[in-house]
Every structure is written in C-alpha cells, then in structure tokens.
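Each chain is listed here by its residues.
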Amino acid sequence: MFGNLFEEDGNEGEAGFSVFSTSGGTRFAKAGDEPPAPRGRSKLCGIRNQGGTCYLNSLLQTLLFTPEFREELFALGTDELGCLEDKDKPGAKVRVIPLELQRLFARLLLVDQQSASTADLTDSFGWNSNERTNQHDVQELNRILFSALEKSLVGTSGSTLIRRLYHGTIVNSIVCKECGNVSQRQEDFLDLTACVCGVSGLEEALCSMFVEEELFEGNNLYSCATCDRLVTAAKSAKLKKLPPFMTMSLLRFSFDCNKFERYKETGRYSFPLTINLRPFCEQTDGEDADYSYELFSVIIHKGGCYGGHYHVHIKDIECLGCWEPAEEDSDKKKTPPKAKREVKDVCETKLDENDPLCVLTAIIEQEPSKSIRLDQLGQKVMEKVGSSWSKAFKRDYGPIGKFLQSHNDVFVLVSNGTQVGLKAETLSPVSEPPCPADNPTAADQEGGTVAELEGHQEASHWFDLNDSTVTSIRASDIEKQFQGKESAYMLFYRKSQLQRPTDALSNPRYKVPHPLLQMAQDENMKLQQMREEYEASHNHMEVRIHLASSYRLRNGALQPIDSESNASSTALVFDRRKTVGDLRLAIYEQQEQWEGDMVLTLAKMLPAGLHLYNTLTDDSVLLCSAGIDTTPDLFVWNGREVCGAGVLTGVEWEPLLLTVVRPSLEAHDEPEAAAINETGDDMDGGGLKKEARAFAGGATLGEVREALGQPAGSLLCQEQTGAKGGGECGAGEGGGASGWRVFSPDDMFRTLKELSLKDGDAMLVLEPQSFDDSMFTVNGDVVTVMTPADCRWLQVEFQPQGGRLGGGDEEDSRRVKVPAAGDMLLGEVKQRALKELQLPGAEYCLRQMDITGKLLPPVSEDLCVRDAGVRLMTTVMLCVGRAPEPSQLFLHFSVGSPPPSGIEEMDMDMNIEKTCTVKECLQTVLNAAGIDGTYWHLRRLDWCEEVGEALNDEDASLAEMKINNGETLVISEGRLPPKGFLELSVWLYRVAVSIATDVNHTENGHAEEQMAEDHAADQTNSHPSDLISVGKVEISAEVTLADLKTQVLTLPAFQNACVPATFLRVWEMEGRKLARVLRGNQITLRKLKITSGTNICVQRLLKEEALSPKEIVLNIKMGVPGQSCYHPAEELIWNASCDSSAVGLRAFVAESYGLPADSLLLAKQQPHKHTWEEIGSWSSQLSRKKKKKKTGSLLGAPFHLKDGDVIGVRNLLIDDKDFYTRENEQSQQGLGEQAEQQSIGERAGGSNCAGSQTKATKRPEVPLSINVGVFSSHCH
C-alpha cells in the first residue's frame, strides 16, 4: 500500500491545506483561500485527517515526540537519501519516505500552523484517495511502517535505526522434568502483544507471559531429545534483550464464537506510568535503572471493532509545548488584582525602556512565581516596550539567551533551563529596596520559588493530540482510558535512563538540519503574508435585503407574494467593519421610493417561511457585533405590520412546518388501498392524505385545531416513531401497524414549542366519524393505523438450477410464502419452507440475492430474521448445500476466461477450512472438478469483477491471505508468476494509423468517396474484430515502458514484423475496450499502475510518438452535410496544455481541416448511452464571489475528455443536421426495450416487493499492505 519508496505519482491535493509539495514549491489549497490558523495556546502542531488517517496521525505524533528517533532521522543527509527534486529523473534512487518524514517532522516542530498535512507523505506511500479514507489498525501500521523504513534505509548509516531503538529479544525455554535438559530458542520482537480478555492489567498480562510456566503433562507430553521419549516438561519465556523503547500492543478485539462476530473488550485494564521489567527478564543482576521504563505515549481507540477513531496522549519530554494547568490550580497562585495594579503602576513610573536589564528584571519580578518561561519572555518584552527584542536590543546586546547568560549574577536558569528567575540578592531596578524584615534570604528565595517551580515543571506535562486539536491534560487523566468504549490501545514506554540534554529543552530547532530550518522559515513567511492578505481582503459580506412590500403573512410565517419570482430579496455587498447606521444609509440610498420609518430586523429563512428576530436599534454598533455575520438576512419594514397584518417576532414565535395527515376519501371505498408504503408517500387511489402546513411555534394546539377547521371532538395525534410496534418497527420489518399518540385535553393549551414539535413532524387529524373505520383502532391514548395483514412474510424460492432470480425454468422453480416475523429464527423459516415444498431429506441452506440476482453466501440459521439482515416481504433462495461452519469459508470457484482447451467452463461453491493453505485449497478444488495437471494457480477478482492478482504465497493459509467469506477465486491455467513479476495479456490492434496533428482538407475533396455510415457502436476503442490476442508476457514491475515494448516484439506474432519499439503505442484495456494510452517510455510499470492480469493492446504507428500528459488522442468524425452519418473517423492528437477549453478544441479542429472556427459545432459521443453531448463555447462558469469568468476545461467535468474519445463535427455553414444517426436512434430504442424487459422480469420474480434489498454487497475490506523496492548496500 505504501507503493514504491523511490517514486511518487504526483501531487494530489486534499480537503485542507497542504504546505510545500515534494518538488519544493509551496502548495496551499483550501476552500475560500483561507490561510491555515496559527498554533493554539499549547504551541504544538496537530495533523489534519485526510478522511480516515487518524490512526496514522497518532503514530506519527508518537514518533515525533520520540526525540531519539527524530534526531537520528534528521542526521541522514541528502548524500544518503537523495533529493526529492531528482525523484522523477531516470535512474535516480531517491528514498522518498524518509525524506517526506523529515519534512513533516520539521513542519510539526517549526511551522506556525494549527495542523500540518500528511498528503505528501501518503503520496510517497503510494496511497490513492480511497486508501486515505479507509481506516486501518494502528498496530498493523506500526509494524508495516517500521518495515518500510528498514527497507528504505538499507545501505545508509540509519539502516539499523529501527532495530537499535525498538527491537528486543525473547528467549523461549523448555525444561525436561526428567533429565533437566534445557532447550532454548530466541525470538526477535518489535512490540509485545498483551492479552486484555480476563486480565486486570498490563503487569498481570506480563506475568502470564514471562513468569508463569506451561506444563506438558498427561496427554500433552514433550519429546525430549536427551531422554529419547515423551516426558513431562515445563515451557517458559523471558525477556533477554530490552530495547530503549518498549511498545505494548493491547489485544482489545476478540471474537465471540457463539455469536460469530467480533467485539471489543471494554473492561478495566490498568497500566502503570512507570514499570520495572526485572521480574520478566532472563538476567536480573543489573541495576534497577536498566529495567525501569516510563510511559510517554498512549494511543487510544474510541468506538467498536468495525469502526472508530484514534487519538493519542503524549508526554512532552522536551517541554516543546506550553502546558496550561487547570483553572483551580492556577487560581491558587494568582496575585490579587489590586496588588497587580499597584506593581504595574510602580513599574510604569520608574521603568527605563532603553535598558534591557531593567526591562527583563521588571518583567520577571512582576510574575507571581518570580520566574518566567524562556519561550514567553520575548512576548513579554514586546508588551512592555512596544517592540520585539530583535528590533529593540539585539543589535547592541545580542540574542536574549546570550544576554541572560552574560548576566548570570542577576538571572538564574531553573527547571532544566526552561525558565529564568532572579537571584535572591538581586534587587529590581524599578522597585524600592524592601525593609530588612521583608527581604527573604537566599535559602527562602530558592525554596519558595525555584524548588516550587521545578516541582511544578516535573508534574505531568501531558497533551492530547486529536488530529488537528491539541489540549493539555494531566497524568491522572490517563486513568480514564483504562476502560470503556474509549480506551488505551497501544502503550509506548522509554527507558528511564534516557535523559535529554539541556540544549534540547524548549528548543524545537535542536538538531534540525539547516535546509529544513530554511524551509520552515520560508514557509512561515509565506503563511504570515497569506494571513495579512486574507485579513485585508476578506472583510466584505453579502447581506440579503427583504422588503416588506414583497411579503405577506400566511400561516404564521412571511411568504413571498410572488413565489415564482426571485425579486423578494436583493443582495447588498457591504464592509463588515462598518456600523448599522452606515448600512441603514446605504439601504436608504438604494430604496429611493421608501417612505416613513425604516426598521431593520434580523431574519432567517425557515422551512415554513421567513421569520423575524432582533431589531437593530443602535446605529453605532458594528455589523460584526450585531449578529449579521451569522444571519445575513435583513427585513426592511415599518416595525409594526406587513400588508396590514401584525408580525410576531422572536425565537418563541418561530413557525413550524408540520405534515398534517388525514384519511383520504378513497380509503373508505377501497380499504385495501389504505396501506402506507415504507417511504411515507401517499399511495395512489387511497390511504392517508398528507399536507404541509405552517403554524406559529407559540400557537397552542387548540389554536392549531381551529386553524385546521376541525370540530372540538376531533383527535390530534403525534406519530410514535420510537415505540414498540410503531412506525419504525413496522417499516423495518416490512409491515404491521403504526402507532400514534393522542394529544390529551391539557395539551390543547400548550404551545407547539412546549410540545417539542419540530419541522417535518407528522400530525394525524381524525374526525369522530373516522373512529368506526376498520383502518383505525383507538385504544386509550393510542391510535393504531393497520396496514395489510399479509405484509409479514418471506418468500422462499427453490430453484435446483438457480443462479439468477427469474432466470431458471418456471417448472423447476417453486416458491412458497412463509409467515415470518423479525424475531423468527431462519432455521424455523427453512423448516417451514421444506415442509410446504415437500422436498426430500437433504442438506439445504438459505441464501439472499443482491440487486443483480447474484446469490450471496448462506445466512446463519441460528440468527433471527432481523439480526441476519433479511428484510420481510423479500425473496430468499433455498439451495442445495450446507452452510459453512465457523472455522470454514464459503468460497465460489470458477475457471478463468477464456477456459482452457478441453475443459468446460466450471462454477463451483465449496466450504473450505480457514487454516487450509492456498496450495491445499487449489488441489481440493481441482480434485472436486476432475481437472488434472499441475500448471494451475488461484487468482482473486479485482474491484471491477475481473481476474486480478494471483495468490503468490502457496504456503500461506486462506486466513493469512485475507480471503473473505463469499469471495470468488478464479482457477487460472499456467505457472504462478514469480513474486514481483507481472503477467500481462497482449492484444494487437491490426490497423496501423498515422499521427496527424495538422491535416488540411477541403469541403468537396475525396470525403464523399470514403463516406461510411456509423455502424460501430463504439468507435472510441475500435471494433472488437480489429483486436486479436497475441499471447502473454511476464515482466518485472520495475522495468520501463520502453522495456515492455521491446519484450512485446519478441512474441511470435511480431517475429516477421520490422517495427522499431518507438513505433508502438501501448493502450491499457478495460474488458475488450481501449481505455488509456501509456505515456513516458522511461516510466516504470509500477508508476503507471499496471498490475498483474492487466490487458494491454499494442498499436503499430507509421512514425515515432512521444505523447505528453496533456496530449489527447481523439477520433474526429466529420459529419456528411445534409445526412445523418459521418465520414470515417480520423485520429488527431490535440495538445490541451495551452488551452483545454471548448474554444481551444474548436480552434484546433478548425485549423486541422482548414475551416472557420465560428462555423463548427462539436459534440462528444457517449457510446454506452448512444448519445452525443454537445460541446458549446459557453462552457464557462461565472464566479459568484469574484465576478470573473472561469474557462471550463474539457479535461474535467462534465466532459472528461480522454484518449480514444470520438468527437463529432458539424459545419453549420452547409449542414443543419444534428449529431444523431439512425443507428443511435435504433440503439436507444433497444436500450429502452431492454430496460422494460428487465423491469418486467424483476416484478415477475418478486424483486420489487416492498422491503426488497436495494444495496449491493459490500466489497471485502482491503488489508493494509506494503510493496517495497529492492535496495542494495551500495545505494546512496
């Protein structure tokens, strides 16, 4: 999944900012050009989530706050890793992942932004947009990422980085109880996997792993080589070598064998902040410090076993962030406000702002703790003197750090150099000398300030890094992650012996290479410039003005008088920094006809209509403070009435849009038509009639009844959506009754707001004469609306030759309706169906079908209908066969297409054990199918249901190969290709073409002699008869396109052809159609995303060709004047790099044919729909914000021009025909008839019954994997 470590497919953007692409240029991209926010109060940088990369963000933050890992990565220079600028050069070996990781760490440390982007890093992994949104397991990522780094650093000084920091050794011992012989085996580990189920904490899990012994006794004896017989023995494990960093992976996810489903262990599982591993080690004669570890990172998973979210708690070892204590702690040390004002007044009167010693001393003495953090001192200087230290004092006194060191008689560094304080005997130059009694001694000063400060600093400096958000937490907060849905998933410990040097504390620039420092500095300058430009240009807002003369009051809400016109509101662009009075004056100038008072009231468009809120009375208030930013609608009126009607304003009178439900008249004549379908729409010819009505939120329910014109005896009911037997339950089970709660008499005096009604709620209105209707049943305060009684059933179809619904012989297919409910077991459904169908005693199973009629895997008969996901009123198939056991997989096998000679096409369903290897599975299937031979192998189906990659590891089990239940495996003939090699099927396009970029024609040349009707359904990719198969090639994924062309020429079909490799054009095929031209002779097949099993087509040219990425191969078809047909298509190559718009394409075609551009009309053929999509010169969009026209590119939506597309051309000067041919009309008619027949077939098979499934089966989840290039120790 990480792709090639040396290559990158390009710079793909993301939703959010991506700062600095791999090419070294800046890349900022965000909606509205808003610059990224600066860092928060914590001074730490988060990482943006690309859609599902929270697991990656948590692990990257842990690695960042592992300074030993970070610094060794920074120590690798370009002489070993290469330069990202050279990664696209032929033959260049650039180690992209370590370089991108260096850049990301530098941005997280030094760039002033709230969150950084990982787009460049994931691009170096080879991830596409789908892989960025798929969530994976962070424990799996930890192993795969470290493996990728190890392979990418081969031959560099960092080749042993991962092994030195993270790898340890376990020794497994078996001791014979008879002779005492000890058999040992050492095992390397990257992380320790600790059990969670049935264990109270980490230390207990380690005891069970490394302290307790496993006895081999009874029927489970050990074969001792010394005793030469089965004996009693004891097995144990110990830690032999401890790494500097210990990673603990907690097994939170387990499998319930009774329910056949995964679940998450959420019970309490404790782990210590410090742990001593001496009891678990083989050698225990060292010092305690050799075995002591401190917790510094906890990756937390929130959610269940099928989805969730990751974030991480990290201890800031180097004090890089600004940790904020809790408010209750800081309040204890706050100086009273009066004392603060007195100190400030004294300082301001005597402070000499030209003396840096005086300024710094005053700043420190005014702090309550008489000390200050070094990273906050610069800001305090700016607040004190009005300018930064660099501008005010650096020229004369040097950097602030050196100034403090040169005055060590005045200042003292505490807390490992992170804070500065005053020495005890130092007097502030801005304060009076205190009385002797008030002057503390040096001991008192140190004990009261420095020691207290160090104690505060030694407190838990923990932060919660949750994607882009960083917050301060305490060590005690970690206990909250011991249990629950949000609990610890990975633990990272570091040896207590590892101490950081003083220079590294509060210094994010420590050991960062100079090129990365310069990159971060340039990036910060650009960010600052962007923020300044944004602040200056984004202070305009659009206010929508609604005039009272355009509205009328109806049903408690303001409605436009002319609903079809957009003249009810006008837009006014205004500066948000101006006042309400300025806005009122601008509206006066715009509305010259206005008479009388002008009242401006904030309004909001609700589902029921326009509603008024607060009136703007103070003309001196700024617009940004008046609430117009959040409510940009203003209603202009006289403040009293609208069209003679008074208007109620405020939140309490917000109108609600309710759905009023009444019995329809047809329901009494046709009771069976009174059913309510699942979507809630009215059924034709009867049922319940629905009407949308608006009412004031402050109106009482009695007033609503009067407004509806109902008598006093009528009932108003509210739908019970969550009650048992209510609407949702009935809909979910495919039928039954829906319940409605009757409003009590007391509710008639309560308002709609008090009744918690909201927009869209349904209200049933029943008159007294409706109570006797069989459709309604009144039971106390509940009204039940009954649906047809025959809605609660399942149709079971037995089809011995079944494959698709309705596709078998009607005589063989037998159906029966079985009464069923949501809580009925599927085993009972099967038994009832077998009894009704009177089938002989054999093994049967129930299987569902998707919308295409394809059978799905058998459902578990131990589940009820609802839990198995089977909807009532649908059809399930009763098939011959047995459902798989929990240890088995239900797999579908088929012979690859085309089938081998002498072997008929075969499809087979089998139950295979999960522990079965790929080789054993293949042999089992071959034996069952009666196929002989050894040259066979298994392949998966790719996402488009075509033959995909081969199962290369024949010794791996099906579970290890991530084979899922219900998956289809293809039996392919031929040897299994070697690992890293691709097997490509080669086709030949027999028609050689010339490359035309400048062709001159006349209107009456030889065009009519070559006139041909458009008989091919898809000229885009040639007629299938033009394609012939010429064989297969096996080739490495690391070779270039030029090497592929050379190897293709060695096939027997090209032995007599004298064609240079440069005269070949290679297409990638989709099915039997040409999809895209492969460009770049020096680009590798891996970068071109060619996978094993891909079909390629070779086309012979008449001269060399070297297409650029923006050169598109088009088939131009000139229309025959006055006829619904075209001249034969001619291939032209359009260079869209200069102008990719419709105007540019029209100019190119006009120049190629020597015609005026204004007379040409172009259209793109849609072969699958048999339609033409006209390309007009007006395909430009008007930017509403900037009021500028943006030229639409034909390479993007909606045309998406690509290689092989057919472009029709009509000359309007001599031709008035449209683009459609007679063949197009006949094909469209055929498509309509085919769709109608399919719809009839579905109705006949019951596939359109209420509650039928409308969702396709979900594709198997793609596992996290890695594909690493080959490195040697000589790569630099």
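Relevant structure appears above.
Keep in mind it's a predicted model, so treat the numbers as computed, not measured.

Draft legend 1. Molecular detail of helix 26 (residues 1142–1153). When the terminal C-alpha atoms of helix 26 are compared, their 17 Å separation across 12 residues agrees well with the 16 Å that a helix rising 1.5 Å per residue should span. Burial within helix 26 is extensive, with nine of its 12 residues counted as buried. Within helix 26, the full set of buried residues consists of Ala1142, Gly1144, Leu1145, Arg1146, Phe1148, Val1149, Ala1150, Ser1152 and Tyr1153. For helix 26, the secondary structure elements touched by its buried residues are strand 53 (1111–1118), strand 54 (1130–1135), strand 55 (1160–1166), strand 56 (1171–1175) and strand 59 (1206–1211).

Draft legend 2. Focus on unusual backbone geometry. Going from Ala1197 to Pro1198, the amide bond is cis rather than trans, its omega being 0°. Position of Pro1198 among the secondary structure elements: in the loop between strand 58 (1189–1191) and strand 59. The phi angle at Lys1089 is positive, at roughly 60°, despite the residue not being glycine. Residue Lys1089 is classed as partly exposed on the basis of its relative accessible area of 47%.

Draft legend 3. Inspection of the sheet that holds strand 56 at higher detail. Strand order across the open sheet formed by five strands is 54-53-59-55-56, with mixed pairing between neighbours. Strand pairing shows two members of the sheet lacking a second neighbour, strand 54 and strand 56, which therefore form its edges. Going from strand to strand, the sheet's axes swing by 40° on average, the running direction of each strand aside.

Draft legend 4. Structural detail: the pairing of strand 5 (residues 192–195). Side chains Leu192 and Ala194 of strand 5 all project onto a buried face; the interleaved residues Thr193 and Cys195 project onto a face where none is buried. As judged from the four bridges shared by strand 5 and strand 10 (residues 245–251), these two strands associate in the parallel manner. Each bridged residue has a counterpart across the sheet, and for Ala194 the counterpart in strand 10 is Leu250.

Draft legend 5. Highlighting the environment of Gly1144. The residue Gly1144 is located in helix 26 in this model. Taking relative accessible area as the criterion, Gly1144 reaches 13% and is therefore assigned buried. Excluding residues within four positions of it along the chain, Gly1144 makes contact with Trp1134 and Asp1139.

Draft legend 6. Spatial organisation of the environment of Asp1203. By secondary structure assignment, the location of Asp1203 is in the loop between strand 58 and strand 59. Assessed through its relative accessible area of 5%, Asp1203 is described here as buried. In this structure, Asp1203 is in contact with Trp1067, Ala1075, Arg1076, Val1077, Arg1079, Glu1111, Ile1112 and Val1113, ignoring residues within four places of it in sequence. Here Arg1079 takes part through its side chain, which lies 2.8 Å from a polar atom of the side chain of Asp1203.

Draft legend 7. Highlighting the sheet that holds strand 9 (residues 233–241). Taken together, the four strands give an open sheet; going across it, the order is 4-3-9-6, and neighbouring strands pair in antiparallel fashion. Strands with a single pairing partner mark the edges of an open sheet, and in this sheet they are strand 4 (182–189) and strand 6 (214–216). Across the sheet, the mean angle separating the axes of adjacent strands is 25° when strand polarity is ignored.

Draft legend 8. Highlighting the pairing of strand 53. Of all eight residues making up strand 53, eight are buried, and the element is well covered by its neighbours. Burial along strand 53 is two-sided: Glu1111, Val1113, Asn1115 and Lys1117 facing one way and Ile1112, Leu1114, Ile1116 and Met1118 facing the other are all buried. Bridge count for strand 53 against strand 54 is six bridges, and the pairing is antiparallel. Its bridge partner being in strand 54, Ile1112 is matched across the sheet by Trp1134. Two strands pair when backbone bridges link them, and strand 53 and strand 59 are joined in this way by four bridges, in the parallel orientation. Bridging from a neighbouring strand, Met1118 pairs with Val1209 of strand 59.

Criteria and cut-off values
Here the residue index of a chain counts from 1 through its sequence in written order. The predicted origin of the model limits local features to residues at a pLDDT of at least 70 and limits the giving and counting of side-chain atom pairs to 80 or more, whereas totals for whole chains, interfaces and linings rest on all residues. Side-chain measures here rest on the full set of heavy atoms in the structure, leaving out hydrogens and waters. Put simply, DSSP H or I for four residues or longer makes a helix, DSSP E for two residues or longer makes a strand, and each gets a number counted from the N terminus. By this rule, a helix spans an expected 1.5 Å times one less than how many residues it contains. Three labels apply to residues, based on accessible area from a 1.4 Å probe with only protein chains included: buried if under 20% of the type maximum, exposed if over 50%, partly exposed otherwise in between. Contacts are assigned to residue pairs with any non-hydrogen atoms lying within 4.5 Å of each other. Any two strands are treated as partners once DSSP identifies two or more bridges connecting them. Think of each axis as a best-fit line through the C-alpha atoms, taken over the contacting stretch in the case of a helix, with angles from 0 to 180 degrees between the N-to-C directions. In protein, a polar contact requires one atom able to donate a hydrogen and another able to accept it; more generally it is a pair of N or O atoms within 3.5 Å, and residues adjacent in sequence count only if both atoms are side-chain atoms.

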